[in-house]
Amino acid sequence: MFLESIRMSWMNITKNKLRSFLTMLGIVIGVASIIALITLVRGATDNISAEVTKLGGNKIFINIIGTPLKQGLSRDDAEAIKAVGNVGGISPTISGKTAIVYKDNVIENVSIQGKNEVYFKADPELIRSGRAINMLDLEHESRVAVIGSNLVNDLFFGKNPIGEKILINGITYTIVGTLEASRRFSMGSTNDVVIIPYTTALQSLGVKNISSLDVYLEDTNLADETVEKIKGILNRAFNYKEDSYTIFNMGDIIESFQSIMSMMSLLLAGIAAISLIVGGIGIMNMMLVTITERTMEIGLRKALGATPYTICLQFLIESIFLSVIGGLFGLLFGALLAYVLAAFIGIEISILFSTNALAMGFSAAVGIIFGYMPAKKASCLNPIDALRSL
Amino acid sequence: MKPVLSMRNICKSYFTGTGELKVLKNVNLIVEKGDFLSILGPSGSGKTTLMNIIGCLDTPTSGEYILSGRNILDMDEFELASVRNREIGFIFQNFCLLPRLTALQNVELPLIYSSMPFSERKRKAMEILERVGLGDKMNSLPNQLSGGQQQRVAIARAMVTNPSILLADEPTGALDQRTGNQIVSLFEELNRDGITIVMITHDRNIAVRARRIVHILDGIVSEQELKPFVS
Ligand SMILES: Nc1ncnc2c1ncn2[C@@H]1O[C@H](COP(=O)(O)OP(=O)(O)OP(=O)(O)O)[C@@H](O)[C@H]1O
Ligand SMILES: [Mg+2]
């Protein structure tokens, strides 16, 4: 009985190929857009999270606002934080703004940042040419500098800056390296900064405070505990004054980014699901037309012994067929679309089984929901009226 | 012996906007096994209405109807479907074949609803088609067949479930005289083999070929025995 219904439904669908295709189109578009949207948004999320993680998934950022009495962290505070368990390294920043001079060129208001070797080790791609600031520089408070890519252009006009001397705050520094131009997803541009050893900065920049501190964790799973311990140190340093610092964990940021993106992909899929509903209405419409056209057939089948149940089943299977076949086409087109767009944008994607299952489930559900009313109507046809309609 | 079909005081009324229209008035009808009955009456006399009630497609307003020992008026829709499938073989004036199915598939249709396995179904349908003389047309579509051939397919479809009654409403109405005569000859032949037939017609020349004629006029039935009936 069931097999017969499938066979009959298949015959009716293939008989009216163009009409069936147009009816399915709504479902095809709906499923294709769900697949493509979910896949692309997830692909983008994964790509961005991977990039961000590479830049510091194990990082904690501490930014010092300070109190009137104490404007930043002292070197001792930094050492105390470094001593906390699970802290693999710290990268303090001391920043100031001053003019730099190279030969006759003066650039006002350049951001000078004192940093340590940890900062460079965390991202080996930071240096474009020359070398990074190392432990020895810090120990000896060497007067060396690594400069951003814009400064290279503005001061040296394509000449190799390594080994050249510049004046910062009236003191001569030797340029030992240049920075890679900032990439899309990195936090804060380093194109216009000069980086010097932070010990040197403490000595000669006239700034005695550490304004921010990046803490590198050994085990990200213990991030929350470590953050608590560091907060203890900071609270003591700033006399338990509220709002004297901010601290946040990169892992948390990645997590909340991912949850925002997954909400967004659901939202987009929801919007795409509306087109599925429109497709469903198309199927319902076509089924109602079919039933009107086949009134005689329905009457005859009833006269030959079909129960309301078997009639209902036959038409329901027909509409489920339409929506599921539409769904399969949609899957194909959606995957294709996703791959093409992904290649275009330049992200990597993978189409998950669960996405496919979701889309197929949706389209089958559409077939059932929107096929039920017409099927029920067919099953309730009075055979006498149906046979009279010849 | 119990009759295949027995009707007592069957009345059927349609309730229209203007009031009650009595189409069948106290119809009493008995059909024995092996009978060949024709119901003869002019247009509008209530023939189709009566046939719909006999065929369990419609329910009477009042009266009693027993088919193969079972009271039809107590049945729900599912039981009625099963009775139509097993007890009744319908033959329509305009054949009512499904245009996309071959002759064989059309004949198989009632067997699908009695859940017969595929191979047996096919064998049975082929056997019946041979019997109505269409052994060479099994895979033809209805529009590749003549009117007479189509009606033979319809007769085969009606007979394939071994029903208690073949019920034909104006089976020759859409055919020319010669072809119509051939169809009635087929009925006579089938009846000689013991099949019970009820044939509805407004054509006297066709009606007289049956064993018995029942006249219907304005919903009132009167009987006229034709040939001696031996069971
Ligand atoms: N559904 C209905 N509602 C109201 N009146 C009806 C209905 N069906 C049939 N009738 C009426 O019942 C009467 C008998 O109709 P029926 O179809 O049984 O006639 P018939 O003998 O089969 O005629 P014909 O030879 O033309 O087919 C007619 O007067 C018709 O108008
Ligand atoms: Mg009639």
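This one's a predicted model, so the numbers in the text were calculated from it and none came from an experiment.

Thresholds, definitions, all that
- Residues numbered from 1 in each chain as written.
- Chains lettered and ligands numbered in written order.
- Predicted model: local features only at pLDDT ≥ 70, side-chain atom pairs only at ≥ 80, totals over all residues.
- Heavy atoms only, no water.
- Domains from an automatic or database assignment.
- Helix = DSSP H or I, 4+ residues; strand = E, 2+ residues; numbered from the N terminus.
- Polar contact = N/O pair within 3.5 Å; in protein donor to acceptor, adjacent residues only side chain to side chain.
- Contact = heavy atoms within 4.5 Å.
- Buried < 20%, exposed > 50% of the residue type's maximum accessible area, 1.4 Å probe, protein only.
- Pairing = 2+ DSSP bridges.
- Axes fitted to C-alpha atoms, helices over the stretch in contact; angles between N-to-C directions.
- Parallel < 35°, antiparallel > 145°, perpendicular 65-115°, else oblique.
- Left-handed = near helix turned anticlockwise from the far one by under 90°.
- Nonpolar A, V, L, I, M, F, W, Y, C, P; charged D, E, K, R; others polar.
- Buried area = accessible area lost by both parts, 1.4 Å probe.
- Salt bridge = Lys/Arg side-chain N within 4 Å of Asp/Glu carboxyl O.

Caption draft 1: Seen up close, the domain arrangement of chain A. Taken domain by domain, chain A holds domain 1 (2–52 + 256–387) and domain 2 (66–243). Computed from C-alpha coordinates alone, the two centres of domain 1 of chain A and domain 2 of chain A are separated by 58 Å.

Caption draft 2: Geometry of the side chain of K12(B). Residues and elements named next belong to chain B. On the secondary structure map, K12 appears in strand β1 (residues 5–16). A distance of 3.3 Å separates the side chain of K12 from the side chain of D58, its partner in a polar contact. Setting aside chain neighbours within four positions, we find K12 in contact with L21, K22, V23, L24, T49, I53, D58, T59, P60 and T61.

Caption draft 3: The pairing of strand β6 (residues 88–91) of chain B, seen in detail. Residues and elements named next belong to chain B. Burial of β6 is two-sided: the residues I88 and F90 facing one way and the residues G89 and I91 facing the other way are all buried. Taken together, the four bridges between β6 and strand β7 (residues 165–169) define a ladder with parallel strand orientation. Counterpart to F90 in the pairing with β7 is L167.

Caption draft 4: Just the packing of helix α4 (residues 118–131) of chain B against helix α5 (residues 147–159) of chain B, in detail. Residue and element names in this part refer to chain B. At their nearest, the axes of α4 and α5 sit 9 Å apart, and the two run at 130 degrees to each other. Taken together, the axis directions place α4 and α5 in an arrangement best described as oblique. Taken as a pair, α4 and α5 cross one another with a handedness that is right-handed. Of the residues in α5, those in contact with I128, L129 and R131 of α4 are V153, A156 and M159. By residue class, the composition of the contact of α4 with α5 is five nonpolar, no polar and one charged.

Caption draft 5: Up close: the interface of chain B and chain A. Counting residues at the interface gives 23 residues for chain B and 24 residues for chain A. With both chains or domains summed, chain B and chain A bury close to 2,400 Å², and 67% of this area falls on carbon and sulfur atoms. Counting the contacts that link chain B with chain A gives one salt bridge. Here E77(B) and K302(A) are joined by a salt bridge, their closest N and O atoms 4.0 Å apart. The interface formed by chain B and chain A contains four residue pairs in polar contact (both at pLDDT 80 or more). Mapped by element, the contributors of at least two residues to the side of chain B that touches chain A are α2 (77–87) and α3 (103–113) of chain B. Of the residues contributing to the side of chain B that touches chain A, the split by class is 13 nonpolar, four polar and six charged.

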